[in-house]
Amino acid sequence: MSALELITRAIVNFLFGFFLQKGRVYEPKLIQDQMLLTDFSMMSMFLGGAGTTALIVGKPPPIIVVSHSLNRVSNADAMHLGISLHLNNTWGEKVREARKDLIEKQGSQGLLSAAIGAGLVGTGMSISGACPGTLYSQLGSGVSGSLYVLAGAIFGTYTFFLIERFLKKRFNQTWLFNEYSSLSENEENRTRFKFSFPIKTAIVILGVVLLTVSALFQLFAPLSKPSLTAQGTNIFTQQAWPPIVSGILIGILQIPTIYINNAPIGMSSLIISIVSLLKKPLTLLHILPTDSKPATWSYITAITKLLDIGFVILGSFASAALSGTLTKIPGLTSDLLTPNHPYVLGFGLVGAAIQAFIGGFVLILGARLADGCTSGHGLSGFAFLAANSVIAVPSIFAGGIATIYVLRALSSLSS
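Residues numbered from 1 in each chain as written. Predicted model: local features only at pLDDT ≥ 70, side-chain atom pairs only at ≥ 80, totals over all residues. Heavy atoms only, no water.

J.: Give a description of a negative patch on the surface that names residues and reports values.
T.: A cluster of acidic residues, Glu-93, Glu-97, Asp-101 and Glu-104, forms a negative patch on the protein surface. Inspection of the secondary structure puts Asp-101 in helix α5 (residues 75–107). Residue Asp-101 is classed as partly exposed on the basis of its relative accessible area, which comes to 38%. (Patch = residues over 30% accessible without salt bridge, like charges linked within 9 Å, V, L, I, M, F, W, Y side chains within 5 Å. Areas by Shrake-Rupley, 256 points an atom, 1.4 Å probe, with all protein chains shown as cover. Salt bridge = Lys/Arg side-chain N within 4 Å of Asp/Glu carboxyl O. Lys, Arg positive; Asp, Glu negative; His and termini not counted. Charge placed at Lys NZ, Arg CZ, Asp CG, Glu CD. Helix = DSSP H or I, 4+ residues; strand = E, 2+ residues; numbered from the N terminus. Buried < 20%, exposed > 50% of the residue type's maximum accessible area, 1.4 Å probe, protein only.)

J.: Could you give an account of empty space enclosed by the protein, with specific residues and numbers?
T.: This model, assessed by the stated rule, comprises three cavities of 30 Å³ or more. Reported here for the largest cavity is a volume of approximately 180 Å³. Around the largest cavity, the lining comprises 15 residues; the ones closest to its centre are Leu-20, Val-25, Phe-46, Thr-374 and Leu-379. Those elements that place two or more of their residues in the lining of the largest cavity are α1 (3–22), α3 (41–57), α7 (132–141), α11 (243–252) and α18 (374–381). Top contributing element to the lining of the largest cavity by residue count: α3, with four residues. (1 Å grid on protein atoms, 1.4 Å probe; cavity = no way out; pocket = protein on both sides within 12 Å on 5 of 7 lines; lining within 4 Å. Points joined across faces, edges and corners; volume = space filled by probe spheres on them.)

J.: For a nonpolar patch on the surface, give the residues involved together with the corresponding values.
T.: A surface patch of nonpolar side chains, amounting to about 570 Å² of accessible area, comprises Tyr-148, Phe-155, Val-350, Ile-354, Phe-357 and Ile-358. Residue assignment for the nonpolar patch shows that the elements contributing at least two residues are α8 (146–162) and α17 (348–370). Its location among the elements puts Ile-354 in helix α17. Ile-354 gets classed as partly exposed once you look at its relative accessible area, which sits at 46%.

J.: So, the side chain of Thr-159: which residues are in play, and what are the values?
T.: Looking at where Thr-159 falls in the secondary structure, it is placed in helix α8. Only 2.7 Å separates the side chain of Thr-159 from the backbone oxygen of Phe-155, close enough to count as a polar contact. (Polar contact = N/O pair within 3.5 Å; in protein donor to acceptor, adjacent residues only side chain to side chain.)

J.: Describe the environment of Arg-96, naming the residues involved and giving the relevant values.
T.: In this fold, Arg-96 is placed in helix α5. Placed 166 residues apart in sequence, Arg-96 and Asn-262 show a C-alpha to C-alpha distance of 9.8 Å.

J.: Give me the lowdown on the packing of helix α6 (residues 111–128) against α17, citing residues and values where you can.
T.: Their axes nearest at 7 Å, the elements α6 and α17 cross at an angle of 160°. When the axis of α6 is compared with that of α17, the two are roughly antiparallel. In the packing of α6 onto α17, the handedness of the crossing is left-handed. Between α6, through Ser-113, Ala-114, Ile-116, Gly-117, Ala-118, Leu-120, Val-121, Thr-123, Gly-124, Met-125, Ile-127 and Ser-128, and α17, the contact on the second element is made entirely by Gln-355, Ala-356, Gly-359, Gly-360, Val-362, Leu-363, Gly-366, Ala-367, Leu-369 and Ala-370. Here the contact of α6 with α17 is composed, by residue class, of 13 nonpolar, nine polar and no charged. (Axes fitted to C-alpha atoms, helices over the stretch in contact; angles between N-to-C directions. Parallel < 35°, antiparallel > 145°, perpendicular 65-115°, else oblique. Left-handed = near helix turned anticlockwise from the far one by under 90°. Contact = heavy atoms within 4.5 Å. Nonpolar A, V, L, I, M, F, W, Y, C, P; charged D, E, K, R; others polar.)

As structure tokens, this is what we get:
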């Protein structure tokens, strides 16, 4: 891996953590309120990010029209045109390669794995008030209970690879997967769903629709207000930015991620690095399959991905420190939240810590089964119109919504 790639990863992950913290979607109660459909801050940011990603990876026709007109002016303009076309074609190749790799990777999973795994992701989100990306932001922001979620996530990752063969045998029905993954280069520009226009045009239209809906949520849907007073008038010291703004900025981060690292943004696989660093004792004790992903990753790969987590945490820490919100946002184990929180099952702080651990466990077990989470499937895969992601995104919210209503009912019984 080159120095440019390492620097790009560091900057992108730092900014991802910073923007995520500014969008407030790291707050456990806000995530749970989204699943209860009483606060649409998370949805507005999610749609803003996915919509921006879709516009970035699509190919707007006006670029071609402008280039033809410039070509007739002069030699100087023609030279400038040639540079522009080179950059555009390089970007197109990068996007096509990233999309192809994503779809081929999803093709080995199957739609059933995506649906069930994503449903478990939603369940874990409602239980813990976190998802893989927001968990790192919670750690950087000093949210109470986030360490218990992390512990559950690490154990969930390890457990998945222990039972991976069993799960794949039961759920990886690849015959359910859309045949798009086997398209030739000539067929690739058209969808397998019999659209009469190129797939990139469909992606651009999707981006416009998602951004429009995000803006409508921003304007008309219920959004919670920041709980703390802003620190001054500087935008960097504000507790929160409009969710759609944070989402758009995160979507823009796809450009350096795809261009330099040849892959879109994804967060759930990063936690594999922690298990991978322990692979030697685990394999020697025969409690980690030698052919599992953590066991086959090199230490360099594991350390690189661990650094990715570190920079997301650092970016969130910087945002929280600037806004004065460091350690001030309550989590599941906070004294401010636990006694009267409608989604914590009582039993005191110990019970809340157990709930956070279980939520992290279920969250990551589902993410590994679905091979993605709200970042990999939602921000990236859905914007690429990848079949598994199109199934996974509604499954996440279906699992989360069902779980939060069960939690609320159980909480009322235990209080």
